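# Inside the fold
Below are the chains, spelled out letter by letter.
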Amino acid sequence: MGVRIGADVGGTFTDVVIELADGSFESTKVLTTHGGPEEGILLGIERIASEHGVAMASVEQIIHGTTLATNALIERRGALTALVTTQGFRDVIETRTEGRFEQYDLNIVLPTPLIERKDRFTIPERLNARGEVLVPFDESAAAEVIDTIAERGYEAVAIGFLHSYRNADHERRFRTMLLDRLPDISVSISAEVSPQMREYERFNTVCANAYVQPLMASYLFKLAEELKVRGADCPLYLIHSGGGLVSVETAAAFPVRLVESGPAGGAIFAADLAARYGRDRVLSYDMGGTTAKIALIEDYTPQTAKTFEVARTTRFKKGSGMPISIPVIEMIEIGAGGGSIASVDPLGQIRIGPHSAGSEPGPAAYDRGGTAATVTDANLELGRLHPDTFGAKDITLSPERAAEAIAAAVGGPLGMDHHDAAVGIAEVVDENMTNAARVHAVENGKDLAGFSMIAFGGGAPLHASRLLDKLGLDEMFVPAGAGVGSAIGFLRAPFAYEAVRSLYTRIDDFDGAAASRLLDELTQEAEMFVRQGTDAELVVERQVSMRYKGQGWEIPVRLATAEFDDFAAEALGASFTKAYEEFFGRAIDDLAIETVSWAVRVASVQHHPERLALTGATTVVTAPTTRPIFDPVTRETVESGVIERESLEPGDAFSGPGVIVESQTTTVLGSHHVAVMQADGTLLITRGGTSASGGERL
Amino acid sequence: MSTEEVRNQIMWNRLISVLEEQALTLVRTAFSTSVREAGDLSAGVFDRRGRMIAQAVTGTPGHVNTMAAAVPHFIDDIGPERIYPGDVYLTNDPWKGTGHLHDITVCTPVFVGETLIGFFASTAHVVDVGGRGYGPDGTEIYEEGIRIPIMKWAERGELNHDLVNILRNNVREQDQVLGDIHGLAASNETGRRRLLDMLQEFSLPDIDDLAEFIFERTSAATMAALTPVKKGVYRNQMTVDGYEEPVDLVVELTVTDEGMHADFTGTSPLSNFGINVPIVYAQAYFTYGMLVALAPELPNNYASLRPFTVSAPDGVILNAQEPDPVSVRHVLGHFVTDLCLGAIAQALPDIVPAEGAGALWNFQASARAADPTDLLPPVEMLMFNSGGTGARPTLDGLTATAFPSGVMTMSAEATEQVGPIIIWRKEIRENSGGAGEFRGGLGQIIEVGPTDGYQFEFSAMFDRVENPARGRFGGEDGAAGKVYLDDGSPFSAKGKQIVPADRRLVLELPGGGGFGDPADRDPAAHANDEAQGYVS
């Protein structure tokens, strides 16, 4: 295999991973450059190539994920954009759902619409729900709107008409007229960006796409150009929110699909590990500096959804952001990271987050002027982190500062000493993450019993063994390279594109021919995008979202076929009933069933990585040193083993209480946990006596 | 002691998390529009005496303490000696549940071995309860549907098939209604199992100590939140349109060291129609208003709700008694929040907003063939729509946003997919927010008409057409609502009417009141209002 590079541009750091010819990985971290976003990634790519003696010309593939689109939406740094919509619907993106995302806040501030009212224009035209014309497209009104767009100098235009997911004719006609007059303007139409029913979500999505498009297109083409200048003549691909790869051209046309691509990389990283170890039900747990992200992975494939929310204004609160309806790897993100700040609420309850101390000034223990007590401070107080061996950030942690901050923020108000307060902080953040995982499972109709956990990101291994116990799971994996998991995940992603379109039907009145036609079109569309990147063999997956008539939530149902015969309706109904039972425990007889949206995902065939057998414990190793560490199992501080991860050989078994330290993170073991080093450098952790299937009991 | 402290906190969080899982499942499986779009449901856990320990945070304040009060009724009516493991109880009694027949409350006892340790209860708004259907037109509770006294849905695990049969024969959408009841029972069962798991995990025999911890903590925090409010008596009066005649809502609010008491003496007498409010529901919106103003971070439980009490003489519209009709008790109920906030505004001038549109402008129509010889199936439709909220002491009001209700609107495209309706317009109503240093939230304009050979039989219940939302401290009133047909012919804001096949109904929703003198408005904010076309 040739040399490949994955680059994950985050808000603070850019992680660059190189996969060398022998299949091994190396990584580097550089600061993200906000002024010229391509500069940081180019620096990182050149640096890692030269460090490992790789000529740029011999790199075969570069895969890139970036938060640039997300940040442009959050920071409102996009193009001057106009929205053109159906007469009577100028304010859809402003009136939102008409709800308040926080019931108990009189001073709630709703997010400002991405495109202000003065930049929203309407045209007489109207389709009904079947896509039939009720009011013809008014060309003269359209011409007037185009005059205004030209006069006011808009850089981008979003077009969103009612029911365009059924019939895109009017949207296309407006685009044609606009481009005839203003050939250089950036245009997005909702029927192409997100042909899903529900105007608020669709209009928002097309607005977001138009808004970031000039910026993203310019960045992507410049990056591709600069890479060529530097001798990397290889293809550049982008990772999208659904966890697949697309070409630069596709990414530039649909940049909204790049939102949330970093976290998607993490989920793919975990899915790949799940496949290596043959674990078909996995909870992926990624904890960084500001948040924890939890995703479910079944059959080595992360769960996906059709909509998500970006740029939440009240941190992490559902409903406070803008909905984006595109295929996405589904995960729950909560304000629980190393930098998350602990406080005591009026009830005397310890609260963690959602605010984070970030990296500047950072937790109190960084001793850089931060005074907030954070999760990291608690971990230091509990002995889980050591002052001298924390991360690679050239930071010496200050236990005194940490203790002071904890005492001030939590200990004092609750009348506890700082140590007990630190225990409380750790316990609350663990409980928060556990509850998020449980609720996420319920939302997806899953029971976590029998799931394995994969823990990565700088913070997760510190807390994972406690989550393992709280969730009642039997085993967890802590992979090597956990700190740059997303970038490694990029290199494991297939070429993939998911096309989605709404077609509302009743099963008792099912038009199989129309459904087959739609699936055909979706397959062609998705295949076209995938073929821009690969000639590989493709796999096609089809899905329809269904519900009982009268319900508001749909559940996804996988389709075995795109051909529908006379018995199709019955078969669809049976598939839905089965899926419904899985979700909610019981189906309901004799109720009409509806379809809402249809989706086709085309992906290059992923050859599952070679299956790794678990390495059983062969040697019991004891720690060369010990220090007092709080044991999450016995709830006591005890003298605990400290061992370097690098010193462990495959088959080495290390029992808690103790910590396994490495440059990017620390893995904490309670007194009943046992870690066994695997052949690929992954740690397998189980509870002694509840050893996982395949693993050997010590 | 301190380890105990953290343990108690963790268990408290766990209880709330269990209830949220329960509520989430209910939302996703419910058939009722108001459940899934408005979160018109609740789930709670109670101690063995029926005191609510914790409640899921859901979208509607209407169940804030109605459900909390329900469980003691279950204990009394079933009789402590007839409570067995495997039992499930239910009721939709407006006075023992949540104020109207459409809400079904299901209650499940939890046993450890043979010992009763507590209860789970959950409530959801169901699609139909028979009778006349959902609307204000019944003149007695008997016309409003089937009334289920507190009784056993299951005893020792055996389903009460007679009750199922009675329900099946008394409601229109049998499968959906019974589906929702089964869903409520199943969600309580999930809660029960999770609680037992938790007791085992934490090695607890019961939840009594945890309940005491939660009550003690909450009680202290609630009293602390009440401390800054100057003790005394505060009054407010608010006139709203009502149904057959205007309704005066009057409150006398007494703040003492023990809590707050709202007395509704002076409020208009009962209506002949189903807009009357059982006092437990008025109490819910009073309590919500006070908590949101004073202690937004407090959880709802027995201890946080206890200090908020209400009273009213017999015969006033906020104190309906059986057999008064109460079907749409939410219309006036929603105004109770603004009424009580208005009273306390004198004590909390920096917290309380101006009046808002208050009651939702629900579009509730029966689509029927315009030509009766056409064999078109009947279709029932429901849309939630909100006007503007009142301006806040430091912020403009919210445009087209529900308050105090937690309702959300439905997608126009989705609505058109399921019914013979075209929504021709749904846009911000310019110039409808009351001027002020802070402007009232804007209402919206909605135009809807039937399609595909249908007409609408329409039961109108729109308020604030005669009585706009009042401004506060010099802020101007919001615009009153308007209702008419698109050809200009009048359409009453109340009562049964027809929207013919070729006409559109136009609704101009009220705006919120302004706060403070308009002359003090920031010029930049005013300029932005003009640039965006909010004000012209």
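Since the model is a prediction, treat every value here as computed from it, not as a measurement. (Residues numbered from 1 in each chain as written. Chains lettered and ligands numbered in written order. Predicted model: local features only at pLDDT ≥ 70, side-chain atom pairs only at ≥ 80, totals over all residues.)

## Some details on the overall build of chain B
Filter applied, for reference: Numbering of helices and strands runs from the N terminus, with a helix taken as a DSSP run of H or I at least four residues long and a strand as a DSSP run of E at least two residues long. The atom set for the radius of gyration is the C-alpha atoms, and the globule formula is 2.2 Å times the number of residues raised to the power 0.38. Exposure in this text rests on C-beta crowding, where 20 or more other C-beta atoms within 10 Å of a residue's own make it buried, 12 or fewer make it exposed, and counts in between make it partly exposed. The C-beta atoms are placed from the backbone. Any residue pair is listed as a contact if its two C-beta atoms, each placed from the backbone, are within 7 Å.
When helices and strands are counted, chain B shows 11 helices and 19 strands. Over its C-alpha atoms chain B spans a radius of gyration of 24 Å, differing by no more than 12% from the 24 Å that the globule rule assigns to 536 residues. Taken over the C-alpha atoms alone, chain B extends approximately 70 × 65 × 40 Å along its principal axes. Residue burial in chain B is summarised as follows: out of 536 residues, 60% are buried. Pairs at least 24 apart in sequence give 75% of the contacts found in chain B among residues at least 6 apart.

## Observations concerning the overall build of chain A
Along its length, chain A carries 16 helices and 36 strands. For 698 residues, the compact-globule estimate of 2.2 N^0.38 gives 26 Å, and chain A sits close to it at 26 Å. Here the analysis covers contacts within chain A between residues at least 6 apart in sequence; of these, 67% occur between residues at least 24 apart.

## A closer look at the domain arrangement of chain B
Residue and element names in this part refer to chain B. The cut-off we apply is this: All domain edges in this entry derive from an automatic or database-based domain assignment. Under the scheme applied here, ten amino acids are nonpolar (Ala, Val, Leu, Ile, Met, Phe, Trp, Tyr, Cys and Pro), four are charged (Asp, Glu, Lys and Arg), and all others, including Gly, are polar.
Domain annotation of chain B identifies domain 1 (2-219) and domain 2 (353-536). The centre of domain 1, based on its C-alpha atoms, is set 34 Å off from the matching centre of domain 2. The interface is formed by 10 residues belonging to domain 1 together with 10 residues belonging to domain 2. In terms of residue class, the side of domain 1 that touches domain 2 is built from three nonpolar, five polar and two charged.

## Thoughts on the interface of chain A and chain B
On the side of chain B, 66 residues touch chain A, which itself brings 59 residues to the contact. Contributions of two or more residues to the side of chain A that touches chain B are made by α3 (92-95), α7 (199-229) and α12 (418-443) of chain A. For the side of chain A that touches chain B, the element with the most residues is α12 of chain A, which contributes 11 residues.

## What about the sheet that holds strand β9 (residues 156-160) of chain A?
Residues and elements named next belong to chain A. Put simply, the rule is: We treat two strands as partners when DSSP finds at least two bridges between them. To obtain an axis, a line is fitted to C-alpha atoms, over the contacting stretch when the element is a helix, and the angle between two such axes runs from 0 to 180 degrees between their N-to-C directions.
Spatially, four strands are ordered β6-β5-β9-β10 in an open sheet, and the strand pairing comes out parallel. Every other strand in the sheet has two partners, leaving β6 (120-123) and β10 (186-189) as the edge strands with one partner each. Between one strand axis and the next, the sheet turns through 20° on average, direction left out of account. Sheet analysis places β9 next to β10, joined by four bridges and oriented parallel. Its bridge partner being in β10, Ile-159 is matched across the sheet by Ile-189. Relative to β9, α7 is tilted by about 165°, and along the sheet it contacts β5 (81-86), β9 and β10.

## Comments concerning the domain arrangement of chain A
What the domain assignment lists for chain A is domain 1 (3-73 + 217-258), domain 2 (77-209), domain 3 (496-604) and domain 4 (619-687). A straight line from the C-alpha centre of domain 3 of chain A to that of domain 4 of chain A covers 47 Å.

## Considerations on the environment of Val-246 of chain A
Residues and elements named next belong to chain A. Inspection of the secondary structure assignment puts Val-246 in strand β12 (residues 245-247). The spacing of Val-246 and Phe-495 is 249 residues in sequence and 6.4 Å in space, taken between C-alpha atoms. When residues no more than four places from it in sequence are discounted, the contact partners of Val-246 are Tyr-237, Leu-238, His-240, Ala-251, Tyr-497, Phe-529 and Gly-533.

## Some words on the confidence of the model for chain B
Heads up, the condition is: One confidence number per residue, pLDDT, is output by the predictor and ranges from 0 to 100.
Averaged over all residues, the pLDDT of chain B is 93; the fraction at 70 or higher stands at 99%. Scored by ipTM, the complex comes to 0.93, with pTM at 0.91.

## Re the sheet that holds strand β13 (residues 379-383) of chain B
Residues and elements named next belong to chain B. Taken together, four strands build an open sheet; the order of strands is β13-β12-β16-β18 and the sheet is antiparallel. Of all strands in the sheet, those bounded by a partner on one side alone are β13 and β18 (494-499). Averaged over all pairs of adjacent strands, the angle between strand axes in this sheet comes to 20°, irrespective of strand direction. Bridge count for strand β16 (residues 454-461) against β18 is six bridges, and the pairing is antiparallel. Residue pairing for β18: Ser-459 is matched across the bridge by Lys-496.

## Details of unusual backbone geometry
Put simply, Gly-353 of chain A and Pro-354 of chain A share a cis peptide bond, and its omega is 5°. In this structure, the amide linkage connecting Glu-322 of chain B to the following residue, Pro-323 of chain B, adopts the cis form with an omega of 5°. Counting through the fold element by element, Pro-323 of chain B comes out in the loop between β11 (308-311) and α9 (330-344). One non-glycine residue, Phe-473 of chain B, lies in the positive phi region at around 50°. Checked against the element boundaries, Phe-473 of chain B lands in the loop between β16 and β17 (482-485). For Phe-473 of chain B, a count of 17 C-beta atoms within 10 Å corresponds to the partly exposed category.

## A closer look at the environment of Gly-397 of chain B
Residues and elements named next belong to chain B. By secondary structure assignment, the location of Gly-397 is in the loop between β13 and α10 (412-418). Expressed as a C-alpha distance, the spacing of Gly-397 and Ser-304, which sit 93 residues apart in the sequence, is 28 Å. Not counting residues up to four positions away in its chain, the partners in contact with Gly-397 are Pro-353, Gly-356, Gly-388, Thr-389, Gly-390, Ala-391, Arg-392, Gly-433, Arg-439, Gly-440, Gly-441 and Gly-512.

## What about helix α16 (residues 568-584) of chain A?
Residues and elements named next belong to chain A. Here is the rule: To estimate how far a helix should extend, the number of its residues minus one is multiplied by 1.5 Å. Throughout, the arc means the angular range of directions from the helix axis out to the C-beta atoms.
The terminal C-alpha atoms of α16, which comprises 17 residues, lie 24 Å apart, in line with the 24 Å expected from a rise of 1.5 Å per residue. Burial in α16 covers these residues: Leu-572, Phe-576, Tyr-580 and Phe-583. Looking straight down α16, one finds that the buried residues subtend no more than 70° of arc, so they occupy a single side. The outward face of α16, more than 90 degrees from its buried face, is lined by the exposed residues Glu-570, Lys-578, Glu-581 and Glu-582.

## Focus: the nonpolar core
We count it as follows: Nonpolar cores are identified as sets of buried Ala, Val, Leu, Ile, Met, Phe, Trp, Tyr and Cys residues joined via C-beta atoms within 7 Å.
Judged by nonpolar contacts, the single largest core of 370 residues is most densely connected at Val-157, Cys-207, Ile-406, Ile-425, Met-453 and Ile-454 of chain A together with Cys-340 of chain B. Top element by residues in this core is α7 of chain A. It accounts for 15 residues. In contact with Ile-454 of chain A, not counting residues within four places along its chain, are Ala-270, Leu-273, Ala-274, Val-282, Ser-284, Tyr-285, Met-476, Phe-477 and Pro-479 of chain A.

## A look at the packing of helix α1 (residues 37-51) of chain A against α7 of chain A
Residue and element names in this part refer to chain A. Here is the rule we go by: Crossing handedness: left-handed means the near helix sits turned counterclockwise from the far one by under a right angle, and right-handed means the same turn made clockwise.
Two elements in contact, α1 and α7, have axes separated by 10 Å at closest approach and are oriented at 30°. Crossing geometry of α1 relative to α7 is assigned as right-handed. The residues of α7 that touch α1, namely those facing Pro-37, Glu-38, Ile-41 and Leu-42, are Tyr-219, Lys-222, Leu-223 and Glu-226. Residue composition of the contact of α1 with α7, by class: five nonpolar, no polar and three charged.

## As for the confidence of the model for chain A
A low pLDDT score tells you not to read the predicted coordinates there in detail. Taken residue by residue, chain A gives an average pLDDT of 90. The fraction at 70 or more is 97%. Confidence drops under a pLDDT of 50 for residues 690-698 of chain A, and excluding neighbours within four residues, the segment shows 20 contacts in the predicted structure.

## Some words on the packing of helix α11 (residues 399-414) of chain A against α12 of chain A
Residue and element names in this part refer to chain A. The following threshold applies: For classification purposes, angles smaller than 35 degrees are called roughly parallel, those larger than 145 roughly antiparallel, those between 65 and 115 roughly perpendicular, and all remaining angles oblique.
Look at α11 against α12: their axes get within 8 Å of each other, and the N-to-C directions meet at 85°. Between α11 and α12, the interaxial angle falls into the category roughly perpendicular. Contacts from Ala-403, Ile-406, Ala-407, Val-410, Gly-411 and Leu-414 in α11 reach His-418, Ala-421, Ala-422, Gly-424 and Ile-425 in α12. Per-class residue counts for the contact of α11 with α12 are eight nonpolar, three polar and no charged.

## What about the environment of Ile-146 of chain A?
Residues and elements named next belong to chain A. Tracing the backbone shows Ile-146 in helix α4 (residues 139-152). Placed 35 residues apart in sequence, Ile-146 and Arg-181 show a C-alpha to C-alpha distance of 7.9 Å. Not counting residues within four places of it along the chain, the set of residues in contact with Ile-146 comprises Met-177, Leu-178 and Arg-181.

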